[in-house]
Amino acid sequence: MTRPRLAIVRLSRRIASIFCLSLAAACAPEMQAQQVPVFFPPAPEPPRIQYLTAFSGLRDIEHQSAFDRFVVGEKPNLQVDKPYGLAIHDGKIYVCDTNSSVFVFDLKNETFEQLAGAVGPGRLRQPTNIGIAPDGTKYVADPVRGQVVVFGPDDQYVGAFGVPGTWRPVDVARYEERLYVVDAQKRAVVALDPKSGALLKTIGEKGGPSEVLDRPTNLAFDTDGYLYVTDFGRFQVLKYDRDGHFKARIGDLGADYGHFARPKGLAVDKEGRLYAVDASFNNVQIFNRDGRLLLFFGGAGEENGNLTLPAKVALDYDNVSYFEKYLEPGFEPEYLILVTSQFGGGG
């Protein structure tokens, strides 16, 4: 059976790093003399993850010619300050800077700029997470503004859901005909009508002691429609069906592999494997459908491939080609993994 190979992108205050992951490499890639590649797990285990490159702002993606600098002057090096949530769609990486706005790394056009519609009525105060629907509609959870702010496929402001002061939206995801939002104030996940914003269902608010949410922070769906929610208070990931019926718990408080100390962002690949960020361990752990730990990557430090206070992980199958030049020979990626770090970290 063919197993996936992935590429990973990490965005941090100083740097956004690109990796490539393969859960089952057929053979070890050839090493290039001029640069020692970084893989996870380390040798002698077969390489599964390759660190590729890094981004932090304008100069990492835009290349100003000498003539342009002579005519208009050198552009200031605008950078992301404190990234949290992110998503990728149609060649663009959208990053929530909780100290500013949503910024866009446009891989096609090699530009870096603020989300076009995040001005005037679309101005954001503390964008924490972003979800993108298949048609390109963006939903930004802003707990300080107290709304989920909606932007169209063209990145222009469309409207906002929720009454400020009545809830605290911190993460958002569109699944089929519902918009799911983590409400940190209500300590639950609410399902909304994506057109009207009307409340359709509340998940994780009722049930047995082991089934209710305590301090939910992030959410993700798998391809079968199961909802995964990070619970910062329970040190676990809780699994529900899309209608809110409790199904399982993954992990527990602890310092051993497969446990959590400060769980944050989530993602699920097409095979049902769960990717969970832990900001205390400075890594991302990968679990199978049964909640068994398969692999982890990252770790504290300043070297390439390390993470510093990571916050969010996202997967992408459509934009691998933008990073092919960084791959080691023989390492064939199947999809991207993007991870934000809120501070410094490896280059």
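What counts, and where the lines are drawn
Residues numbered from 1 in each chain as written. Predicted model: local features only at pLDDT ≥ 70, side-chain atom pairs only at ≥ 80, totals over all residues. Heavy atoms only, no water. Helix = DSSP H or I, 4+ residues; strand = E, 2+ residues; numbered from the N terminus. Contact = heavy atoms within 4.5 Å. Pairing = 2+ DSSP bridges. Axes fitted to C-alpha atoms, helices over the stretch in contact; angles between N-to-C directions. Salt bridge = Lys/Arg side-chain N within 4 Å of Asp/Glu carboxyl O. Buried < 20%, exposed > 50% of the residue type's maximum accessible area, 1.4 Å probe, protein only.

(A) Summary view of the side chain of arginine 234. Within the secondary structure layout, arginine 234 lies in the loop between strand 18 (227–231) and strand 19 (236–240). Residues contacting arginine 234, with those up to four places away along its chain left out, are Pro209, Ser210, Val212, Asp214, Arg249 and Asp252.

(B) View of the sheet that holds strand 6 (residues 92–97). Spatial ordering of the open sheet is given by 5-6-7-8, a layout of four strands whose pairing is antiparallel. The open sheet has two free edges, formed respectively by strand 5 (83–89) and strand 8 (111–114), since each of these has just one partner strand. Between one strand axis and the next, the sheet turns through 20° on average, direction left out of account. Of the strand pairs in this sheet, strand 6 and strand 7 (residues 102–106) are connected by five bridges, and their pairing is antiparallel. Bridging from a neighbouring strand, isoleucine 93 pairs with phenylalanine 105 of strand 7.

(C) Representation of the pattern of salt bridges within the structure. If you walk through the whole model with that rule in mind, you get 10 salt bridges. Where lysine 138 meets aspartate 155, a salt bridge forms, and the shortest distance between an N and an O atom there is 2.7 Å. With lysine 138 in strand 10 (residues 138–142) and aspartate 155 in the loop between strand 11 (147–151) and strand 12 (157–161), the pair connects residues that are 17 residues apart, well separated along the chain. This pair shows no difference in class: lysine 138 is buried, exactly as aspartate 155 is. Put simply, arginine 178 and aspartate 243 hold a salt bridge, and the shortest N to O gap is 3.7 Å. Of this pair, arginine 178 sits in strand 14 (residues 178–183) while aspartate 243 sits in the loop between strand 19 and strand 20 (246–250), and the two are 65 residues apart along the sequence. Residue classification places arginine 178 among the partly exposed residues on the basis of a relative accessible area of 24%. When salt bridges that share partners are traced, they join Lys92, Lys138 and Asp155 into one network.

(D) View of unusual backbone geometry. Following phenylalanine 40, the chain continues into proline 41 via a peptide bond in cis, with omega recorded as -10°. Here proline 41 shows up in the loop between strand 3 (39–40) and strand 4 (49–54). Cis geometry marks the peptide bond from alanine 43 to proline 44, where omega comes out at 15°. Among the secondary structure elements, proline 44 is positioned in the loop between strand 3 and strand 4.

(E) Broad picture of the pairing of strand 18. Counting buried positions along strand 18 gives five out of five residues, so the element sits mostly inside the fold. The sheet contact formed by strand 17 (residues 216–221) and strand 18 spans five bridges and is antiparallel. Considered in strand 18, the bridge of phenylalanine 221 is made with leucine 227. The turn linking strand 17 back onto strand 18 is made up of five residues, and glycine 225 within it adopts a positive phi angle of 90°. When strand 18 meets strand 19, the two strands line up antiparallel, connected through five bridges. Within the sheet, the bridge partner assigned to aspartate 231 lies in strand 19 and is glutamine 236. Hairpin connection, strand 18 to strand 19: the antiparallel pair is bridged by four residues, and phenylalanine 235 has positive phi, about 60°.

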